[in-house]
Amino acid sequence: IRRTVAGHFGQTGKEMMKMIFDDQVEAYNFPQGSLSHLTRHIAARTPGLLTKVGLGTFVDPRLEGGKLNASAVEDLVKLVEFDGEEWLFYPRPHIDVAIIRGTVADENGNITLDKEGVLLEQLALAQAAKACGGIVIAQVERVVQAGSLHPKAVKIPGLVVDYVVLGQPENHMQSITTQFNPALCGDAKVPVSSLQPMPLDERKVIARRAALELREGAVTNLGIGIPAGIPSIAAEEGVADLLTLSIESGVNGGIPAQGGDFALAYNAESIIEQSAQFDFYDGGGLDASFLGLAQTDNHGNVNVSKFNGRPVGCGGFVNITRSTKKLV
């Protein structure tokens, strides 16, 4: 690998993080929502993404331009003026291969996402690769007869799929830590009382203090880390049904999962594509957000992307903080 561009490197493995830290690969970190939206621009063959997300942060080319190490020298994001205002512009990259996954494929390559806990950018990525003249490889659990899938269940049409690969169970986990849990994809509802409460430690104390900032009916986003424990506390104290919680991955309602299952949720009310979720976030749809951090100073400036030699990445933090009314 010569170059890696990602919103968050925490799930790419320690090996990739070490390569980035040791300057063995060009590494760039951009807001997760911007990368999500960029896939649609590639698919539509527009010049690229124009956004205000990231202005004044480390993504701004006047600061670091999202570069994570010395090997990253090319400017992949540009500062431009449009209609008298400053914007960040991400030129459309070329995609040769898109690797996606689903649950079931029929003989024509139509693919469902039944057992996936999130939809993410599967369709946009496939369309982006085809727009560039590339190929699409889809990993699935099984293949069924052509014409046997309900058309509304098909989330990726076969006309954008070139190859289907049958994945072995150990290579087709639902999340980082869970093989499959029907409650994490909406196939089952679990009693709130059955969910394991957080152990009483300093993380729970912090999360409960943060939970006191929750307001009934407020549309609220939760980040990874300690914030993910807030819904567990709300469930433990019997107020989960008064809250409207969402995760940047596209999950709304229910009780967001923690640890290796983060980005999924128990008893979700809706699961939409991640790019659509960021449309809602960037458009000011959130009333409040509870986010994790690595470092902060006495002015409230926050670092979430680089610490202890680990280039973790900002994830959706830059998108969320720009337009949310209340931040904790």
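To be clear, the structure that these remarks concern was listed above.
Since the structure is predicted, the reported quantities are computational estimates derived from the model, not experimental observations.

Draft legend 1. View of the packing of helix α2 (residues 32–44) against helix α3 (residues 122–131). Packing of α2 against α3 brings their axes to within 7 Å, and their N-to-C directions diverge by 35°. With respect to the hand of their crossing, α2 and α3 are arranged in left-handed fashion. Every residue of α3 that contacts α2 at Thr39, Arg40, Ile42 and Ala43 is listed here: Ala124, Leu125, Gln127, Ala128 and Ala131.

Draft legend 2. Up close: the sheet that holds strand β6 (residues 97–101). Reading across from one edge, β6-β9-β12 is the order of the three strands in this open sheet, with parallel pairing throughout. Sheet topology places β6 and β12 (163–166) at the edges, where each strand pairs with a single neighbour. In this sheet, adjacent strand axes meet at a mean angle of 20° when their direction is disregarded. Pairing of β6 with strand β9 (residues 135–140), which is carried by five bridges, proceeds in the parallel orientation. In the strand pairing of β9, Val97 is matched with Ile135. Each of β6 and β9 touches α3; the most contacted strand, β6, lies at about 155° to it.

Draft legend 3. Representation of the pattern of salt bridges. Enumeration over the complete set of coordinates arrives at 17 salt bridges. The salt bridge involving Lys18 is made with Asp22; its shortest N-O contact spans 2.6 Å. With relative accessibility at 52%, the residue Lys18 sits in the exposed group. Given a relative accessible area of 33%, Asp22 falls into the partly exposed group. Across the salt bridge formed by Asp162 and Lys130, the nearest N and O atoms sit 2.9 Å from each other.

Draft legend 4. Structural view of unusual backbone geometry. For Arg45, which is not glycine, the phi torsion reads 60° and is therefore positive. Relative to the helices and strands, Arg45 is located in the loop between α2 and β3 (48–51). Owing to a relative accessible area of 57%, Arg45 belongs among the exposed residues under this scheme. Notably, Asp83 is not glycine yet its phi reads approximately 55°, a positive angle. Summarising the element assignment, Asp83 is placed in the loop between β4 (78–82) and β5 (85–91). You can call Asp83 exposed: its relative accessible area is 70%.

Draft legend 5. Structural context of helix α6 (residues 274–282). Considered for burial, the residues of α6 that qualify are Gln274, Ser275, Gln277, Phe278 and Tyr281. All buried residues of α6 project into a common sector of 155° when viewed along the axis, lining one side. Looking at the buried residues of α6, the elements they touch are α2, β13 (219–222), β14 (244–247), β15 (251–252) and α7 (317–323). Just downstream of α6, Gly284 is the residue with a positive phi angle, here 85°.

Draft legend 6. The sheet that holds strand β19 (residues 288–290), seen in detail. Read across the sheet, six strands follow the order β18-β15-β14-β13-β19-β24 without closing on themselves; strand pairing throughout is mixed. Of all strands in the sheet, those bounded by a partner on one side alone are β18 (270–271) and β24 (326–327). Examined bridge by bridge, β19 and β24 share two bridges and lie parallel to one another. The residue of β24 that forms the bridge with Ala288 is Lys326. The sheet strands contacting α6 are β13, β14 and β15, and the helix crosses β14 at an angle near 120°.

Rules used in this analysis
Residue indices begin from 1 for each chain and proceed along its sequence in written order. Totals for whole chains, interfaces and linings use every residue, but because this is a predicted model, local features are given only for residues with pLDDT of at least 70 and side-chain atom pairs only at 80 or more, for both listing and counting. Note that the side-chain values use all heavy atoms of the structure and ignore hydrogens as well as water. Here an axis means a line fitted to C-alpha atoms, over the contact stretch when the element is a helix, while the angle between two N-to-C directions is reported on a 0 to 180 degree scale. In this description a helix means any DSSP run of H or I spanning at least four residues, a strand means any run of E spanning at least two, and both kinds are numbered starting from the N terminus. The hand of a helix crossing depends on one turn: near helix anticlockwise from the far one by less than a right angle means left-handed, and clockwise means right-handed. Note on contacts: a residue pair is in contact if any heavy atoms of the two residues lie within 4.5 Å. What makes two strands pair is DSSP finding at least two bridges between them. By convention in these notes, a salt bridge is any Lys or Arg side-chain nitrogen within 4 Å of a carboxyl oxygen on Asp or Glu. Burial here depends on accessible area, computed with a 1.4 Å probe over protein chains only, as a share of the maximum for the residue type. Under 20% is buried, over 50% is exposed, and the range in between is partly exposed. This arc corresponds to the set of directions leading from the helix axis out to the C-beta atoms.

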